Amino acid sequence: MWKTAKNKEPTTNRRCFSIVHQYIQRFNEVSGGKSAVIRVKSMTPGVTITQHVVNIPEGKSTPDFESTPMSENTKEGKVAIFKVVVKGDPKPEVTWRRAKGPITDKDKFHSKYDESTGEHILEIVKVSGAETDTYKCYAANEYGKAVCKATLTVIEDSNHPSDFRKLLRRSKEKPGGESDERFWQAMLKADKKDYERICTEFGVSDLHLILKKLEEKKEERAHNNYQDGTTAYDENGTEGHSFSSGGRTKNSNLKVMQKGKGLHQEDEEVHLFNTGRDLTDEEAMLLSTELIFSTVDFVIKIQELKAQEGDDALFACVLTHPLPKITWTGKGSTLEEGAKCSITVSDHKLIHRLLIKDCNSLDQGIYSAVAGVKSCSAWLVVQAESDPASAGMRRARKTTVASGAPIDLEKIAVEQQIKKREEMEKILAAVKAKHKEGQVAAMDKKSEGNSIDNTLDNSGCATREGGKRLGKPKNKKRMRSGQMDFDKVTDSNEGDFQDDDDFTGSVKKSKNRKHGQNGEHEQMEFDQTETSAESQNDVADCDGNKDSRRQKHRKKAHRKRREDPNEPTSEDEASYSDESEDSLDQHKRSRRAKQSKMLKKVNGESTCPEEYSGYDEIEGITGAPTHSRRKRRGPLTEDVVIDIGVHFICGLSDVNAVINETAELTCKLSSEDCEGAWFRDGKKISPDHNFSVTNDGAIHKLVIIRCDEEHSGKYRFEADGRKTEAMINVKDPPRFNHADLKAFSEPVTVKAGHNAIFKLQFLGHEPVKIKWYSEGEELLDDNNTKIEKSASHSRLLLSRCQRRDTGEIKIKLKNEHGFIEAISQLIVLDKPTLPLGPAEVTEGSAICIEFRWRPPKDDGGSPVINYMVERQQVGRNTWKKIGEIPGIPSYRDTDVDHGRKYCYRIRAVTAEGTSEVMETDEMQAGTLAFPGPPAPPKVVSAYDDCVNISWAPPSNTGGSRILGYVLEKRKKGSNLWSAVNATDELIKVKKYAVKDVVMGMEYEFRVTAVNLSGIGEYSNPSEFVFARDPKKPPGKVSNLKVTESSYSHFVLTWTKPEDKPEIQDEAKGYFVEIRPAECLDWSRCNPTRIITTSFSVKGLKSMNMYWVRVIAVNDGGESAPEELANYVLAIPSPVRPKFTNHKMKSFMVVKAGNSVRITVNFEASPWPHVMWIKDNVPVTKRVTITNSDGSSQLLIPSSERSDSGIYSILVKNLAGQETFSTEVRVTDDPKPPGPVVLEETVPGTVTVIWEPSPDEKRDDRLHYTVSKLDFTKGNWTTVAEKLFNNKCTVCNIMPGREYHFRVYAENDMGVSAPSESPTCWKEKKKEKRVVSIPTRKECDLRCAPTFIVPLKFHAAPKGYECYMSCAVKGNPKPRITWYRNHISLNTDTNYYISNTCGVCSMLVLRVGPRDMGEYTIAAENALGRAECSTVLTVKE
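Calculation criteria
Residues numbered from 1 in each chain as written. Predicted model: local features only at pLDDT ≥ 70, side-chain atom pairs only at ≥ 80, totals over all residues. Heavy atoms only, no water. Pairing = 2+ DSSP bridges. Helix = DSSP H or I, 4+ residues; strand = E, 2+ residues; numbered from the N terminus. Buried < 20%, exposed > 50% of the residue type's maximum accessible area, 1.4 Å probe, protein only. Contact = heavy atoms within 4.5 Å. Axes fitted to C-alpha atoms, helices over the stretch in contact; angles between N-to-C directions. Core = buried A, V, L, I, M, F, W, Y, C linked by side-chain atoms within 4.5 Å. Phe/Tyr/Trp six-rings, centres within 6.5 Å; stacked < 30°, edge-to-face > 60°.

Comments concerning the sheet that holds strand S97 (residues 1413–1421)
Move 1: On the basis of which strands lie adjacent, the open sheet formed by five strands has the order S91-S98-S97-S93-S94 and mixed pairing. Only two strands of the sheet have a single neighbouring strand rather than two, namely strand S91 (1354–1357) and strand S94 (1383–1384).
Move 2: Sheet analysis places S91 next to strand S98 (residues 1424–1435), joined by four bridges and oriented parallel. Bridging from a neighbouring strand, His 1354 pairs with Leu 1432 of S98.

As for the side chain of Ser 915
Move 1: Along the chain, Ser 915 falls in the loop between strand S54 (913–914) and strand S55 (918–919).
Move 2: Taking the relative accessible area as the measure of exposure, Ser 915 reaches 4% and is therefore buried.
Move 3: The residues contacting Ser 915, other than those within four sequence positions of it, are Pro 832, Thr 833, Leu 834, Pro 835, Arg 907 and Ala 908.

Here we look at the sheet that holds strand S45 (residues 793–798)
Move 1: Pairing within the open sheet is antiparallel, and its three strands lie in the order S41-S45-S44. Each edge of the open sheet carries a strand with a single partner, namely strand S41 (756–761) and strand S44 (785–789). Sheet twist, expressed as the mean angle between neighbouring strand axes with direction ignored, is 10°.

Overview of the environment of Ala 1164
Move 1: Inspection of the secondary structure assignment puts Ala 1164 in strand S76 (residues 1156–1165).
Move 2: The partly exposed category is assigned to Ala 1164, whose relative accessible area is 22%.
Move 3: In the structure, Ala 1164 is positioned 32 residues away from Pro 1132 in sequence and 9.3 Å away in space, judged by C-alpha atoms.
Move 4: Here Ala 1164 is in contact with Val 1135, Pro 1137 and Asn 1213, once residues within four sequence places are set aside.

Let's talk about the nonpolar core
Move 1: Core analysis: the biggest nonpolar cluster contains 24 residues, and Phe 315, Ile 326, Trp 328, Leu 354, Ile 356 and Leu 380 have the highest contact counts within it.
Move 2: Sorting the residues of this core by element identifies strand S14 (305–308), strand S15 (312–319), strand S19 (351–356), strand S20 (365–371) and strand S21 (374–383) as the ones contributing at least two each.
Move 3: In this structure Trp 328 touches Ile 302, Phe 315, Cys 317, Ser 333, Thr 334, Leu 335, Ile 343, His 352, Arg 353, Leu 354, Ser 368 and Ala 369, once residues within four positions along its chain are discounted.
Move 4: Membership of the second largest hydrophobic core comes to 23 residues, among which are Phe 648, Leu 652, Tyr 715 and Ala 726.

So, the environment of Asp 1029
Move 1: Examined against the element boundaries, Asp 1029 turns out to sit in the loop between strand S64 (1025–1026) and strand S65 (1038–1045).
Move 2: C-alpha separation for the pair Asp 1029 and Gly 1116, spaced 87 residues apart in sequence, amounts to 9.2 Å.
Move 3: Excluding residues that lie within four positions of it along the chain, Asp 1029 makes contacts with Ala 942, Tyr 943 and Asp 944.

Observations regarding the packing of aromatic side chains
Move 1: With the rule as written, the count across this model stands at 18 aromatic pairs.
Move 2: Between Phe 851 and Tyr 904, the aromatic rings sit 4.7 Å apart at their centres with planes inclined by 40°, giving tilted as the arrangement. Note that Phe 851 is positioned in strand S49 (residues 849–854) and Tyr 904 in strand S53 (residues 901–910), a separation of 53 residues in sequence. Taken individually, Phe 851 and Tyr 904 each receive the classification buried, so the pair is uniform in this respect.
Move 3: Arranged with centres 5.4 Å apart and planes meeting at 65°, the rings of Trp 1054 and Tyr 1070 form a pair that is edge-to-face. Within this pair, whereas Trp 1054 is found in strand S66 (residues 1050–1055), its partner Tyr 1070 is found in strand S67 (residues 1069–1076), the two being separated by 16 residues in sequence.

A few points about the environment of Ile 1131
Move 1: Here Ile 1131 shows up in the loop between strand S73 (1128–1129) and strand S74 (1135–1139).
Move 2: Spatially, the C-alpha atom of Ile 1131 lies 6.1 Å from that of Ser 1045, the residues being 86 residues apart in sequence.
Move 3: In contact with Ile 1131, not counting residues within four places along its chain, are Ser 1045, Ser 1046, Tyr 1047, Met 1103 and Pro 1166.

The structure is reproduced here in structure tokens:
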């Protein structure tokens, strides 16, 4: 997209993105403001941005994603998390959606925002197969929206028993995934483009894993075919599998080396595409690339890096197999080569590096390297600048690598290459050994008498005795180099001849009929092995033929071509081979090594050497020996040792050339004696006026002297059967003539209002897009700007230029081949702007006025020559022209009258004209303005006969220059100041040597300034100084320590240094200096020296660390500083929390509705953490907690009965903790009890029974009081109180009297209304009763101890009381003993133990952790022993 243009004029036209966007804007205006969607490209991969409006206000933007979510594979039942970071102004609103349905289940999908990291997070809890879907994130604001997506794949756990029924049901509904045999049959027969569709139909999600398994199944099928002894033949009798494309058949074998497997145990060929159908070359290349990627792994993985901010970070890894490119990702985004990242690959394609430049905090995160299906990750940690003082200073940038022992990556890569070479040598040795075994097997078959007329020699030459020809092939297709294509060998005269052995090796027959001859020529190639080279494609001679044999073979081929003009040349063959392999070479030019043996048979006679007759064995990579039986014509020969011959050390590399310029291709061979040939698109290149072929030893060069478009193509260099290829792309980017560019670069100078013209010629492929810029903003045609464009030049006309148009003019040309820029300068000359004020008076006296001003802000492109000055006396209307002064912005007017005021007008004059006028304020001449006081004098040095003094000038000069200074001195203890210099002998400089002193006397000095108005104020006196020779500096102070500290200050004390004559003199004062821990500079706490040996340093920051030192001083100088050994922390001395108010209540009763206020005072250092709890649970929000310095308050504004409980405060700091508890009971006036009933069961007693009060259930402290009224006495008396049950037995009831009873409910707040008994007792007649007293028998009341009420389980809060009780009976009275963990507690004073009437109780005063355990009570008397146990637990 082109950059947007900005119109400087204040019109309604705003920024437009391009011509298309302008059209959209025009469409909106015409269509009445209907919106048109604009697609905007995002800098983050995978993000789509839709812009709703054409014009976006300045400072606003559409939403965009800084980081996108990563696709996840999550096990069933786990949590899946997607995270994004968005940007945009105004802040976008983020929403999440899924493809298969809405996200409405709040329990399953949690969407939230993390303010600390700025991340929007979608959490999916307890994922299942139903959540497998594509999830999209939308960020929208009023200007547009952005969308990104990620995939969630849930790996279902089918081992759980609860999933069996679901799995069975799923197996009925749809195919069984990768366990279904139909799935693999479909995958083996399908095109690669259909893989994803088939996986979706069968419910398979991991495509990479399926590709790996598919590779193994294809290997297994090929291996099974080989073991079964069967080979698939096509209808034309040709074995193999062809990749068809473009209407012609091309057969090829794809061979892949697998790490750890070799080629079927290091000597077998892997047939990957045994599918029985044709594939295109592109599909074959894509499949082979994925299979090769699956074998790549990391030898050295990337390591974690810790880089300083501003440095570079370098990640590096080493692969097991060479790859031209791997994928680098950072923080979830793919990284590309650019200004921030640099991606490099070594020449051997094994070492890959990623360089992060100029690291900052935004670069911190996880970086990954992905090679095929393998990946590795590491953190990049960016550390801030450790030295704050150096922050902002430029320093040399360093490159950070992985920490630890250094690793030589080049050495490891070389070792990996050697390892691969050794593996290949083992494979070749295994092939050779099987070849020898096949020869022996062939001899054994011959000895059995199975001789056949058909023969095949070692060179691969098939012969037939008696001049009989091999059967005519049915398939006459042209075969491709390196193809596996087998024909059956038949005999036209002997139809019973058949060979039971199949050809399973990599064998190729190419048949070409020759006109004018009786026989057919057949040619066989035996492709024994295929290896990968690092930087070029070359052919390996695996049977060990020497160079002489190759030369001989070339001569035979040449002779054959001369005899038969219809036979295609080697160049044509090479061209055809190159054309057929283009589809594969465009992706990756594979490095191959091939061996072929070419033989001819004319009229049944072999052209092979005699010694190559007899049995021979043809063996492919699969290692299966295949025999062709023939007569032996000579002795068996021994195989030659493998010699790779001449090979490429450095191959060709792709070149991007510019039209009409020179392009060069260079390669290097391993031998200097080998000749080669250059080819372009399969045609041989001969040196001419366009091509220059040179050979400097082993280095071969091809130079295209003047490139043209027709020179683009694929270039190949062949030497000794090996080749290397590269592409030359001839481009025609825009470019300028050097002379025209130099002329364009010269600045253009015009006067304001005139026109400026810029024009420039160029060359380049059409169409060329032309853009003009002024100060970085694109220029468009308008009233003042005209742009002319043509195929070879462009012209810019700027009409009526103004001064503001001065700046950089740039032209940018762009076509499909590249772009170029040229820059010039436009200078518009105009008159200057007015001088800048206000004017500053530098001297105002009775005889002159001197002032100055600032030059014009813009001189109009020309320097200021003069200034025109005019003067007006205040009160008059006329201006007096003083004249022109040189271009210095100051003026001294000496023609003034004392006491009068003047104004001045100033104009700047340049070669382009005169500026507007600048008028000054009023200035007065002759006003008496005395100078202010100078700074107090300082003693520079002192001697017996001289004291050197210096001072600073006054800040207020009184409006005129300082003429000099007057210095005075005074002895200590005297009130008389004496002048050091006379008034008419002013001191011109700001220092003086006072020599009129008496040795040993102490003096102080003061100074005043003198200007044109007179003598000014005197300065403050200096410090006293002795007139004596300098003293020795004092020694260091001792015993420096901190005696007191707080959050804002601490107190230092020290001991004064000793006085040692001739070594160190007595200290006269001290300076205290401090330095914060994060700073390197010391600062003085006292500006003047102190004489005491203690000092309070104030103004500290709480909890900060400070270093402290003390310096002793005297007249001889300063001592060495004495520094504390450790830093000082601005914190009070640790004090364990303790409560200071000893009158705090541990129990309070509050009426419901009233406020509850608990105030606790404490002291602690450092400031403690305060926490309130109720019944061991944090207090609710309706409770207000107020913490202040040394106190904490709990407030419940309106209490309720539910607020009753035990409130505890915990005060804790690093020195310890303390707790205090208060029981609060919120209650109200009790309600009266229910109806009262009287019962008489025993004469003389009455039982009073009543219904409980309604408040009894809510108030466990509610009790009852019973009153009695005897009508005989006439007053109420209390018969029982503090009753916690609902009945009371009243005694001493006199028969014949009337009684009335009342029952009251009572609690902590008061007494309820009474509930009265319904009836009263009345007198009854006494009946005579006869009492028969039975005879009494003596009974034995003794019994062994037994517990009638056992102990209960207790759980008490820490610090509270715990009360245990039980009831025991026994006669005689048993002896009671308490135990804790089988240890007696009867003598332990921490436990209060009592036994009253068989009720045994024990009170633990303050429960602590040590009180936890098993408690046992034992009761023992003469008749037996009984025990009862319980457990006490303590709550924190």
